[in-house]
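What follows is each chain in one-letter form.
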Amino acid sequence: MPVIKSITKGSVAEKAGIIAGDCLISINNNIIGDVLDYMFYCADNDLNVKIARDGKTIDLKINNSDYTDLGLIFETFLMDTQKHCSNKCLFCFIDQNPKGMRDTIYFKDDDVRLSFLQGNYITLTNLSDRDIERIVKLKISPINISVHTLNPLLRVKMLNNKNAAKINEQLKILSDAHIEIKCQIVLCKNINDKEELKNTLNGLKKLYPSVSSVSVVPAGLTKHREDLYPLELFTEEDCTQIIDLIEKFSDECLKQTGTRLVYPADEFYIKAKKPVPSYEFYEDFLQLENGIGMTSLFNHEFFEYFKKIKADNSKYNISIATGAAAYENMQYLVDELKKKVHNLNCSVYKINNDFFGHNVVVAGLITGNDIISQLKGKDLGDKLIIPDSMLRYENDMFLDSITVKEAE
C-alpha cells in the first residue's frame, strides 16, 4: 500500500482528516497501486477513500467537486518502484558509458508511467497483456513507444528480448482504443534501415491517427563499445539517402492525411551537409525532445526576436560553447546578430566530445571536464554561455558530475 508522506496544507485530504503515515488502500473500491491509479480514480466527484492507520481501516467520504488532486504526497513520485528495462538492445547508449560515473547514469528505465507523465520512451517488452489492458482502461495517452522495427524477428534481435515480437499486436490494441502513440525509430546501419525502414513506416502509417508522429534518429555510438554489437556509423551519403527516403514518405503522408507523420533527426541533415527544413516542416514539433526540428525552432525563435531589437552600439565581450552539431549554425546566428549589435565580440567554441568520443556531437552530452580542458586559457570575455541541455537540473551538474561552480 502506498504510504502517505505528508499532506498539502488546505487540501481536500487535510480537511477530510487524512494524516502523514496513513496508507492509501482504495478509492471507490479500486485498489491503488501507483500514481496512475491515484490520478485516474481521483477524477470522480464523490469519493469513498479507504485508508489504513495503526492497523485499522478507515472509510472516508470526500467530495472532490473541483476534480483536483486530493493533496496526498507519497514516499515516491510513482508510489511504487521504477520499472527497469529488461532488454539488451544492440544500440543501447547506457551500455556505452564508461565505468565510474554516478549510479543514476546506468539505470535503464522502461516504465509506462514515466512515458505518460514525463515523455520517456518505452519498448512495451516488460508489459503483460493485463498491463496493456490497464493502459486502455485508464486512458493513458499519449504514450511514447520505441518501435525501431515492425518486423517481429528483427525486433527480437535488436532488443534481445523475445517479448519484442509482440509489437504489432500491442500497437493494434492501443490504436483501436484511440490511445495517442508517438513513435521513435533508432536507426542502425544495415539492420533496420532501407527496406526495413520503409516497411516500418508503412505499417505505422496504417495506424494513423492514433500514431500521431514518428521520429527517426541515428544510433548514438560512443568510443566505449567494448564487447558490444559491431554497429557502423552512417556516412554522409547514407544520411542523404535516409533523408530522401523519409522526406518522400512524409510528402506522401502530407498529401494523404494532412500531416507529415515522420521526421528525420537534425543530426542526419548536419552529417549530410544539407540545410535543415523550414520551421513549417515540423508542424507542431511533436518530436522536439528527440532532436527533431531543434535547429529550425531555435533559428525561428532567434529571428523572431532579431526583428524586434534595435541597432545597438554598446560593447559586448562574450563567448559561447556548444557541441559539434550546433557549432556552425551558432556561428551563423552570431554573425547575423552582429548586423544589429555592432560592437559584439562573441567567440563560438566547438567542444569536441573527448569523453564519449568525437562521433557524439550533441551539446547535451558534453561534459564539464571537456569544457574545462578545451577552454582553459582561452579568451572567454566577460561571460561564457552554455546550452542548458548540458546540465542536469536536479543538481546543476554536467554528466561527469562536474558542477557549474567547479567549471567556473
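For the structure, see preceding data.
Residues numbered from 1 in each chain as written. Predicted model: local features only at pLDDT ≥ 70, side-chain atom pairs only at ≥ 80, totals over all residues. Heavy atoms only, no water.

(A) Quick look at the overall build of the chain. A count of helices and strands for the chain gives 13 helices and 13 strands. Along the first, second and third principal axes, the C-alpha atoms of the chain reach 70 × 50 × 45 Å. Here the contacts in the chain between residues at least 6 apart in sequence split such that 67% fall between residues at least 24 apart. Charge centroids of the chain, computed over 49 positive and 58 negative side chains, lie 1 Å from each other. (Helix = DSSP H or I, 4+ residues; strand = E, 2+ residues; numbered from the N terminus. Contact = heavy atoms within 4.5 Å. Lys, Arg positive; Asp, Glu negative; His and termini not counted. Charge placed at Lys NZ, Arg CZ, Asp CG, Glu CD.)

(B) Layout of the packing of helix α7 (residues 194–205) against helix α8 (residues 236–257). Interhelical geometry of α7 versus α8 gives an angle of 20 degrees and a closest axis separation of 11 Å. Classified by the interaxial angle, the pair formed by α7 and α8 is roughly parallel. With respect to the hand of their crossing, α7 and α8 are arranged in right-handed fashion. Across the interface between the two elements, Lys-194, Leu-197, Lys-198, Leu-201, Asn-202 and Lys-205 of α7 pack against Leu-245, Ile-246, Phe-249, Cys-253 and Gln-256 of α8. (Axes fitted to C-alpha atoms, helices over the stretch in contact; angles between N-to-C directions. Parallel < 35°, antiparallel > 145°, perpendicular 65-115°, else oblique. Left-handed = near helix turned anticlockwise from the far one by under 90°.)

(C) Here's a closer look at the pattern of salt bridges. Applying the stated criterion to the full structure yields 11 salt bridges. Measuring nitrogen to oxygen at the nearest pair gives 2.8 Å for the salt bridge that ties Asp-176 to Lys-172. You can see Asp-176 and its partner Lys-172 sitting in helix α6 (residues 167–176), four residues apart, about one turn around the helix. Assessed through its relative accessible area of 46%, Asp-176 is described here as partly exposed. Among the salt bridges present, the one from Asp-251 reaches Arg-260, with a minimum N-O distance of 2.6 Å. (Salt bridge = Lys/Arg side-chain N within 4 Å of Asp/Glu carboxyl O. Buried < 20%, exposed > 50% of the residue type's maximum accessible area, 1.4 Å probe, protein only.)

(D) Summary view of the sheet that holds strand β12 (residues 341–351). Taken together, the three strands give an open sheet; going across it, the order is β12-β11-β13, and neighbouring strands pair in parallel fashion. The sheet terminates laterally at β12 and β13 (383–385), the two strands that pair on one side only. Along the sheet, successive strands turn relative to each other by an average axial angle of 30 degrees, direction set aside. Judged from the 10 bridges that link them, strand β11 (residues 312–323) and β12 form a sheet pairing that is parallel. (Pairing = 2+ DSSP bridges.)

(E) Quick look at the side chain of His-224. With respect to the element layout, His-224 can be found in the loop between β9 (211–218) and α8. Within polar-contact distance, the side chain of His-224 engages the backbone oxygen of Phe-355 at 2.8 Å. (Polar contact = N/O pair within 3.5 Å; in protein donor to acceptor, adjacent residues only side chain to side chain.)

(F) Summary view of the nonpolar core. Counting residues in each nonpolar core, the largest one holds 84 residues, and the members touching the most others are Ile-27 and Tyr-38. Beyond its immediate chain neighbours, meaning those up to four positions away, Tyr-38 contacts Leu-24, Ile-27, Ile-32, Asp-69, Leu-70, Gly-71, Leu-72, Phe-74 and Met-79. Formed by 11 residues, the second largest nonpolar core is a distinct cluster that contains Ile-371, Leu-375, Met-390 and Leu-391. (Core = buried A, V, L, I, M, F, W, Y, C linked by side-chain atoms within 4.5 Å.)

(G) Structural view of unusual backbone geometry. Here the bond from Ser-141 into Pro-142 is cis, since omega is 0 degrees, no more than 30 degrees from zero. Along the chain, the position of Pro-142 falls in the loop between α4 (129–137) and β7 (143–146). Cis geometry marks the peptide bond from Tyr-208 to Pro-209; its omega dihedral reads 10 degrees. Mapping Pro-209 onto the fold places it in the loop between α7 and β9. Positive phi outside glycine occurs at Glu-283, with the angle close to 55 degrees. Position of Glu-283 relative to the elements: it lies in the loop between α9 (266–272) and α10 (294–306).

(H) Local environment of the pairing of strand β4 (residues 46–53). The pairing of strand β2 (residues 23–27) with β4 spans four bridges and is classified as antiparallel. Opposite Leu-24, over in β4, you have Ile-51 as the bridge partner. The pairing of β4 with strand β5 (residues 56–63) spans eight bridges and is classified as antiparallel. Bridging from a neighbouring strand, Leu-47 pairs with Ile-62 of β5. The hairpin formed by β4 and β5 contains two residues between the paired strands, and Asp-54 there has a positive phi angle of roughly 55 degrees.

(I) Focus on the side chain of Ser-213. Looking at the element boundaries, Ser-213 is found in strand β9. A polar contact is formed between the side chain of Ser-213 and the side chain of Gln-287, at a distance of 3.1 Å. Setting aside anything within four residues of it in sequence, one finds Ser-213 in contact with Ile-181, Lys-182, Cys-183, Leu-261, Tyr-263, Leu-286 and Gln-287.

(J) Region of interest: helix α11 (residues 324–337). For α11, which comprises 14 residues, the first-to-last C-alpha distance of 21 Å matches the rise-based estimate of 20 Å (1.5 Å per residue) to within 8%. Among the structural elements, α9, α10, β11 and β12 are those in contact with the buried residues of α11. (Expected span 1.5 Å × (residues − 1).)

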